[in-house]
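The primary structure of each chain is shown beneath.
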Amino acid sequence: GNFGVYDITDRSNPVLLALQSTSRTFTHNTWLSDNGKFLFTTDERAGAYVDAFDICDLGNIKKVDRFRPLERENDGVIPHNTHYHKGYIVVSWYTDGVRIIDVHRPENMIEVAYYDTWESQTGCHNGFPGCWGAFPFTGSNIVYASDINNGLYIVDVDYKRACYLEGKISDPNGMPVNNVNVQIISDQINKEISDITGNYKTGQVLNGTFKVRFTHPNYETLETQAILENGQVTILDVVMKRRVPVNTTLSVFADNKIINAGVVLVN
């Protein structure tokens, strides 16, 4: 459930410098970014995430984001290994396949490519069969993916850059609004929730002009447009208006006044 950072200058006397738990406390694999500033981890458990950690300060390691496939959230797919490769992480997911995630901005991890090695129409998307290795260090865009059940796949990856959408959500008084659902209306599944400061970070690989929907049970739904470009950050700050409560008194009659009648309001 933890990863450790050790000083192994003296091979006979490794010194533990830092210890950090991962989001599902079953740390299986870690991989550093090329600059050594970020660490990416997998927890080998159903429904687990790939975590991104800022390890610049070993005395204050920070988890900056986490990722798992949205279309498989209810299937319990298991991540196995991740490797960092030129600003991307290449992840093998059991019963799912190979997923390529743009981590040029580790605090906003966006999937940009996917290949399904499982391709089972009847088998469940859970458990430990399927893809357990995805090797990107081939000197080209080729990734070798080993699937326990289906054999070796040689995949030519289109390493596109993500389109980033980030911003802050406030009310008319300038106060941040948290727990807002942010969705780009697109063919690529996506969702994000604003944090306690009202900030959100999301995105997708598809570029163009898209409608963005902001929803919260206490605020009026807001829709606006954003232009998304690959490798670029689009800033979209919005102001959401709080819903105004409507109070009313209802009386229910047949021939006489009906007591304890059930009343249902339908939008």
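Look up: the structure comes first, before these words.
Procedures and definitions
Residues numbered from 1 in each chain as written. Predicted model: local features only at pLDDT ≥ 70, side-chain atom pairs only at ≥ 80, totals over all residues. Heavy atoms only, no water. Helix = DSSP H or I, 4+ residues; strand = E, 2+ residues; numbered from the N terminus. Rg over C-alpha atoms; globule rule 2.2 N^0.38 Å. Contact = heavy atoms within 4.5 Å. Areas by Shrake-Rupley, 256 points an atom, 1.4 Å probe, with all protein chains shown as cover. Lys, Arg positive; Asp, Glu negative; His and termini not counted. Charge placed at Lys NZ, Arg CZ, Asp CG, Glu CD. 1 Å grid on protein atoms, 1.4 Å probe; cavity = no way out; pocket = protein on both sides within 12 Å on 5 of 7 lines; lining within 4 Å. Points joined across faces, edges and corners; volume = space filled by probe spheres on them. Nonpolar A, V, L, I, M, F, W, Y, C, P; charged D, E, K, R; others polar. Polar contact = N/O pair within 3.5 Å; in protein donor to acceptor, adjacent residues only side chain to side chain. Pairing = 2+ DSSP bridges.

Enquirer: Help me understand the overall build of the protein in this model?
Expert: Counting secondary structure elements, the protein contains zero helices and 21 strands. Taken over the C-alpha trace, the protein has a radius of gyration of 23 Å; the compact-globule value for 267 residues is 18 Å, which it surpasses by more than 25%. Long-range pairs, those at least 24 residues apart, make up 47% of the contacts in the protein between residues at least 6 apart in sequence. With the model as given, the accessible surface of the protein reaches about 14,900 Å², and the carbon-plus-sulfur share is 48%. Separation between the mean location of the 23 positive side-chain charges and that of the 31 negative ones in the protein comes to 6 Å.

Enquirer: Got a minute to help me understand the layout of surface pockets in this structure?
Expert: Taking a probe equal in size to a water molecule and rolling it over the atoms shows the remaining empty space. Of the volumes computed, that of the largest pocket is approximately 930 Å³. In this structure, the largest pocket is lined by 35 residues; those nearest its centre are Arg-66, Phe-67, Met-109, Lys-191 and Glu-192. Looking at the lining of the largest pocket, the elements that each hand over two or more residues are strand S6 (62–67), strand S10 (110–115), strand S16 (192–193) and strand S17 (199–204). Looking at the lining of the largest pocket, its residues break down into 14 nonpolar, seven polar and 14 charged.

Enquirer: What am I meant to see in the environment of Arg-105 here?
Expert: Relative to the assigned elements, Arg-105 resides in the loop between strand S9 (97–102) and S10. Sequence separation between Arg-105 and Phe-38 is 67 residues; the distance between their C-alpha atoms is 10 Å. Not counting residues within four places of it along the chain, the set of residues in contact with Arg-105 comprises Tyr-164, Glu-166 and Val-233. Here the side chain of Arg-105 touches Glu-166 through a polar contact of 2.8 Å, side chain to side chain.

Enquirer: Even after reading the chapter, I still don't get the sheet that holds strand S19 (residues 219–228), so can you show me in this structure?
Expert: Sheet strands line up and pair through hydrogen bonds in the backbone, either parallel or antiparallel. Ordered by their spatial adjacency, four strands build an open sheet running S16-S15-S18-S19, and the pairing between neighbours is antiparallel. Edge positions in the sheet fall to S16 and S19, since each has one partner strand and no second. Sheet topology note: the strand S15 (residues 181–184)/S16 ladder contains two bridges and is antiparallel. Bridge pairing links Val-182 to Glu-192 in S16.

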